[in-house]
Amino acid sequence: MNAPRHLTLRERIYEEIVRLIVSGELPSGVSIDEKELTERLQVSRTPFREAIGTLAKEGLIEIKPYRGFFVRSFTPKEIDDLYELRKTLECFAVELAVPQMSDRHIAGFEHILDEAVAALRRGDMATYGIRDKEFHETIAELSGSAPLVETLARLALQIQICRSIANESRDLAVRAAEERDQILQAFRARDIARAKALMHAHISDVQQAVMARFQKEDPER
């Protein structure tokens, strides 16, 4: 077996900044204090800025000349467009993945769902978010389409910034878990059409909640 690949310094910095962004520690629109973060991560400016450059290409960071680095902020239309694109891509992933699903795969989805529900019951929204991400990533991987997997992964990072607001809503998370349970039943039946319809409805529900919460937080936008 091949030994696990060790991450480069730039990759480790990249992953830590992503973690800070999706956790909300570096919220949308905030200025990134380069000096504070390089000292915190105990790294020099060169690999730090290389990681920032990669994040900028992926749409997570905005580089503003003479002003510095900022976690990307989104307009209502950009948020809506992201979710519309996600619905199209996720439904395509479901269409490709369902025929490839074995009973073992479906049991794996059930395990993910069980852990997500357990996290909700104890109010652990961070673990819930991790399991939700794992659920969608696994469907994408089963699609067998490398370009689709890559595109969804990039899109998911941007959406995580947007939905960090909605994730504060426990009611939304409970509804999402119920919807995914129905999706799981469609997987067991290998019902592609129903699975796609349920995935579309699930993402639409989250989209509406995010948009409503976003408008509540900033009604002038």
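Residues numbered from 1 in each chain as written. Predicted model: local features only at pLDDT ≥ 70, side-chain atom pairs only at ≥ 80, totals over all residues. Heavy atoms only, no water.

As recorded in an unreviewed UniProt entry, the protein chain goes by GntR family transcriptional regulator and comes from Rhizobium lentis.

**Q** Would you take a moment to explain the overall build of the protein chain for this structure?
**A** In terms of helices and strands, the protein chain carries 9 helices and 3 strands. For the protein chain, with 221 residues in total, the buried portion stands at 41%. Of all intrachain contacts in the protein chain linking residues separated by at least 6 positions in sequence, the fraction that spans at least 24 positions is 74%. Working note: accessible area of the protein chain is about 12100 Å², and carbon and sulfur atoms make up 51% of it. (Helix = DSSP H or I, 4+ residues; strand = E, 2+ residues; numbered from the N terminus. Buried < 20%, exposed > 50% of the residue type's maximum accessible area, 1.4 Å probe, protein only. Contact = heavy atoms within 4.5 Å. Areas by Shrake-Rupley, 256 points an atom, 1.4 Å probe, with all protein chains shown as cover.)

**Q** Would you explain the nonpolar core in this entry?
**A** Of all hydrophobic cores here, the largest spans 55 residues; its most connected members are Phe48, Ile61, Ile139 and Phe187. Contact partners of Phe48, with chain neighbours within four places excluded, come to Ile13, Ile17, Ile32, Glu34, Leu37, Thr38, Val43 and Phe69. (Core = buried A, V, L, I, M, F, W, Y, C linked by side-chain atoms within 4.5 Å.)

**Q** Mind showing me how you'd approach the packing of aromatic side chains here?
**A** Here the distance between the centres and the angle between the planes together describe a pair of aromatic rings. Applying the stated rule across the entire model yields 3 aromatic pairs. Aromatic side chains Phe109 and Phe187 sit 5.3 Å apart centroid to centroid with 50° between the ring planes, which places their arrangement in the tilted category. Of this pair, Phe109 sits in helix α5 (residues 103–121) while Phe187 sits in helix α8 (residues 170–188), and the two are 78 residues apart along the sequence. Owing to a relative accessible area of 1%, Phe109 belongs among the buried residues under this scheme. Phe187 sits in the buried class, given a relative accessible area of 0%. (Phe/Tyr/Trp six-rings, centres within 6.5 Å; stacked < 30°, edge-to-face > 60°.)

**Q** Would you explain the sheet that holds strand β3 (residues 68–71) in this entry?
**A** Backbone hydrogen bonds are what pair the strands of a sheet, in a parallel or an antiparallel way. Taken together, 3 strands build an open sheet; the order of strands is β1-β3-β2 and the sheet is antiparallel. A strand with exactly one partner marks an edge of an open sheet, and here the two such strands are β1 (31–32) and β2 (61–64). As paired strands, β1 and β3 are joined by 2 bridges and run antiparallel to one another. Looking at the pairing, Ser31 lines up with Phe70 of β3. This element, helix α3 (residues 45–57), spans β1, β2 and β3 of the sheet and lies at about 110° to β2. (Pairing = 2+ DSSP bridges. Axes fitted to C-alpha atoms, helices over the stretch in contact; angles between N-to-C directions.)

**Q** Please clarify how the pattern of salt bridges should be interpreted in this entry.
**A** If charged atoms from side chains of opposite charge come close, those side chains can pair. Within this structure, the stated rule accounts for 15 salt bridges. As a salt-bridge pair, Arg72 and Glu78 come within 3.7 Å of each other at their nearest N and O atoms. When the shortest N-O distance is used, the salt bridge between Arg131 and Glu134 registers 3.2 Å. Separated by 3 residues within a single helix, Arg131 and Glu134 lie in helix α6 (residues 125–142), roughly one turn from each other. Residues participating in the shared-partner salt-bridge network are Glu34, Arg45 and Arg49. (Salt bridge = Lys/Arg side-chain N within 4 Å of Asp/Glu carboxyl O.)

**Q** Sorry if this is basic, but what is going on with the packing of helix α2 (residues 34–41) against α3 here?
**A** Think of two packed helices as two axes; the pair is described by the angle between the axes and how far apart they sit. Two numbers describe how α2 lies on α3: the axes approach to 10 Å, and their chain directions differ by 110°. In terms of their interaxial angle, α2 and α3 are classed as roughly perpendicular. In terms of crossing hand, the pair formed by α2 and α3 is right-handed. Residue-level contacts link Glu34, Leu37 and Thr38 of α2 to Arg45, Phe48 and Arg49 of α3. The residue makeup of the contact of α2 with α3, split by class, is 2 nonpolar, 1 polar and 3 charged. (Parallel < 35°, antiparallel > 145°, perpendicular 65-115°, else oblique. Left-handed = near helix turned anticlockwise from the far one by under 90°. Nonpolar A, V, L, I, M, F, W, Y, C, P; charged D, E, K, R; others polar.)

**Q** Quick question: what am I supposed to make of the pairing of β2 here?
**A** Looking down a regular strand, the side chains alternate between one sheet face and the other. When β2 meets β3, the two strands line up antiparallel, connected through 4 bridges. If you follow Glu62 over to β3, its bridge partner there is Phe70. Hairpin connection of β2 to β3: 3 residues between the antiparallel strands, including Tyr66 at a positive phi of 65°.

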